Amino acid sequence: MRVFRTAPRVLPTGDLTRGKGVHPVVQLLRPHQWVKNLLLLLPLLLAHVNLATPQHREKWLHALVAFVTFCLCASAVYVLNDRMDIEADRQHPRKSLRPFPSGRLPVSIAPALIAALFGGSFLLSFLFLPWKFAGMLALYVLLTTAYSLYFKRKLLVDVVVLAALYTHRVLAGGIAADVPVTQWLLAFCMFFFLSLAFAKRYTELVAVQEMAQDAICGRGYRVEDMSVIESVGPTSGYMAVLVLALYINSENVFQLYARPFLLWLVCPILLYWLTRVWFFAKRRALHDDPIVFALTDRVSFIAVALASLLVFLAAWPPHKGI
């Protein structure tokens, strides 16, 4: 099929913010990575909350503020991570083009920038969101900082922490909007993002192999680990689809969706997309960040659009939400 013969179009530098007219500070903050924080809106979307009442509009406002706070925090962590990894990034074919290792920005601005981003994030949280959310935000900072300083160098622990950070966003979104987060959603997120985390490590190993090296600098993985990752990575993704299938057959779905049978069509779409990601990874055509891959891949946009349409049609006419 043509879809597997051609690689998706990605920027050679591996950063969507790099290019003419883009300030190095913008590249340093990595705003394209903020798309991950859309997960904070997921609990509210799946709870079938609309804008019909002021109470529900307030929930949406809280969810959007939570999104902004996580974006600021994430950028602060990226700056911290780049500051800590300058030497390792200088040996990487794409990361060496980042502002700090390339010398386009002085390292001396890092502390002030980190403080401003963290400060703005927690200020918004204290002013507009429940106190429990501030705790979730602090835990996110703790986990991401621990990942940057320690966990990312530990074999297998790093991918588990990455998947947990994605799932943490979902939990934080539920707290911000005051809506329940089901165990189904948490289980799905954990397996799904574990697969993407393994894909990230796999593509990094591919780059290491092409440079005739035997290990990732600053990580716990070696080239001979690729065969294991090829097995557990896709399997984790398929486990996520299995969780989705079990959820579709549960009583929860019949209470929330008018046409739950349409949700079954989401499963093959998800299976196709996950398998395609790993095909590209195996063929050396996948970017080392699956988020960048998804944002530059037309087929990914089509898959998301089809899945979203199916969920919308399955929920219409809407049942009474929370």
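Overview of the packing of helix α9 (residues 183-210) against helix α12 (residues 266-282)
For the pair α9 and α12, interaxial distance at closest approach is 9 Å and the crossing angle is 15 degrees. Relative to α12, the element α9 is oriented roughly parallel. Judged by the sense of rotation from one axis to the other, the crossing of α9 with α12 is left-handed. Along its contact with α9, which presents F188, F192, S195, L196, F198, A199, Y202, T203 and V206, the element α12 presents L270, W273, L274, V277, W278, A281 and K282.

Remarks on the packing of aromatic side chains
What the rule picks out here adds up to 13 aromatic pairs. For the pair F70 and Y140, a centre-to-centre distance of 4.7 Å together with 45 degrees between the ring planes defines the contact as tilted. You can see F70 sitting in helix α3 (residues 54-84) and its partner Y140 sitting in helix α7 (residues 131-149), a full 70 residues away along the chain. Ring geometry for F188 and F192: centres 5.6 Å apart, planes at 10 degrees, overall stacked. Taken together, the residues F188 and F192, both in helix α9 and 4 residues apart, mark about one turn of the helix. As far as burial versus exposure is concerned, F188 and F192 are alike and both buried. The structure contains a cluster of three or more aromatic residues connected by ring pairs, namely Y166, F188, F192, F193, W273, F280 and F293. The ring of Y166 carries R169 above its face, with NZ or CZ at 5.3 Å from the centroid.

Some thoughts on helix α6 (residues 110-128)
Given a rise of 1.5 Å per residue, 19 residues ought to cover 27 Å, and the 27 Å separating the end C-alpha atoms of α6 matches this to within 8%. For α6, the set of buried residues is A110, L113, I114, L117, F118, S121 and S125. Viewed end-on, α6 has its buried residues packed into an arc of 120 degrees, placing them on one side of the element. Facing away from the buried side of α6 by over 90 degrees, the exposed positions are P111, A112, A116, L123, F126 and L127. In this structure, the buried side of α6 is in contact with α1 (24-29), α3, α5 (99-102) and α7.

Examining the state of the cysteines
Tallied over the full model, the rule gives 0 disulfides. Free of any disulfide, C71 has its nearest neighbouring cysteine sulfur in C73, separated by 10.0 Å. A relative accessible area of 5% means that C71 is categorised as buried.

Considerations on the confidence of the model for the chain
On average, the chain scores 85 in pLDDT, and the residues at 70 or more come to 89%. For the stretch residues 1-14, pLDDT sits under 50, and the model shows 29 contacts to residues farther than four places along the chain or on other chains.

Focus: the pattern of salt bridges
Throughout the structure, instances matching the rule amount to 6 salt bridges. One salt bridge connects R201 with E204, and the closest N-O pair in it is separated by 3.1 Å. Of this pair, R201 and E204 both sit in helix α9, 3 residues apart, which is roughly one turn of that helix. In this structure R201 comes out as buried when scored by relative accessible area, which is 0%. Classification of E204 by relative accessible area gives buried; the value is 5%. Of the charged contacts, one joins E230 and K282 as a salt bridge, the two residues approaching to 2.8 Å between their closest N and O atoms. Remark: K282 occurs in helix α12 and E230 occurs in helix α10 (residues 226-248); sequence separation between them is 52 residues. Owing to a relative accessible area of 30%, E230 belongs among the partly exposed residues under this scheme. Overall, the relative accessible area of 45% leaves K282 in the partly exposed class. Beyond isolated ion pairs, a larger network of salt bridges with shared partners links D158, R201 and E204.

A closer look at a nonpolar patch on the surface
Where nonpolar side chains cluster on the molecular surface, the patch consists of L309, F312, L313 and W316 and spans about 420 Å² of accessible area. Looking at the secondary structure, you find L313 in helix α14 (residues 298-315).

Considering the nonpolar core
Ranked by size, the top nonpolar core spans 87 residues in total, and within it V79, F133 and F192 carry the most contacts. Element by element, the count of residues in this core is highest for α9, at 14 residues. With near-sequence residues (within four places) excluded, V79 lies in contact with L28, L29, F100, A110, L113, I114 and L117. Counting 7 residues, the second-largest nonpolar core is a separate cluster that includes L41, L44, A47 and A177.

The rules behind the values
- Residues numbered from 1 in each chain as written.
- Predicted model: local features only at pLDDT ≥ 70, side-chain atom pairs only at ≥ 80, totals over all residues.
- Heavy atoms only, no water.
- Axes fitted to C-alpha atoms, helices over the stretch in contact; angles between N-to-C directions.
- Helix = DSSP H or I, 4+ residues; strand = E, 2+ residues; numbered from the N terminus.
- Parallel < 35°, antiparallel > 145°, perpendicular 65-115°, else oblique.
- Left-handed = near helix turned anticlockwise from the far one by under 90°.
- Contact = heavy atoms within 4.5 Å.
- Phe/Tyr/Trp six-rings, centres within 6.5 Å; stacked < 30°, edge-to-face > 60°.
- Buried < 20%, exposed > 50% of the residue type's maximum accessible area, 1.4 Å probe, protein only.
- Lys NZ or Arg CZ within 6 Å of the ring centre and 35° of its normal.
- Expected span 1.5 Å × (residues − 1).
- Arc of directions from axis to C-beta.
- Disulfide = S-S within 2.5 Å.
- pLDDT = per-residue confidence, 0-100.
- Salt bridge = Lys/Arg side-chain N within 4 Å of Asp/Glu carboxyl O.
- Patch = residues over 30% accessible without salt bridge, like charges linked within 9 Å, V, L, I, M, F, W, Y side chains within 5 Å.
- Areas by Shrake-Rupley, 256 points an atom, 1.4 Å probe, with all protein chains shown as cover.
- Core = buried A, V, L, I, M, F, W, Y, C linked by side-chain atoms within 4.5 Å.

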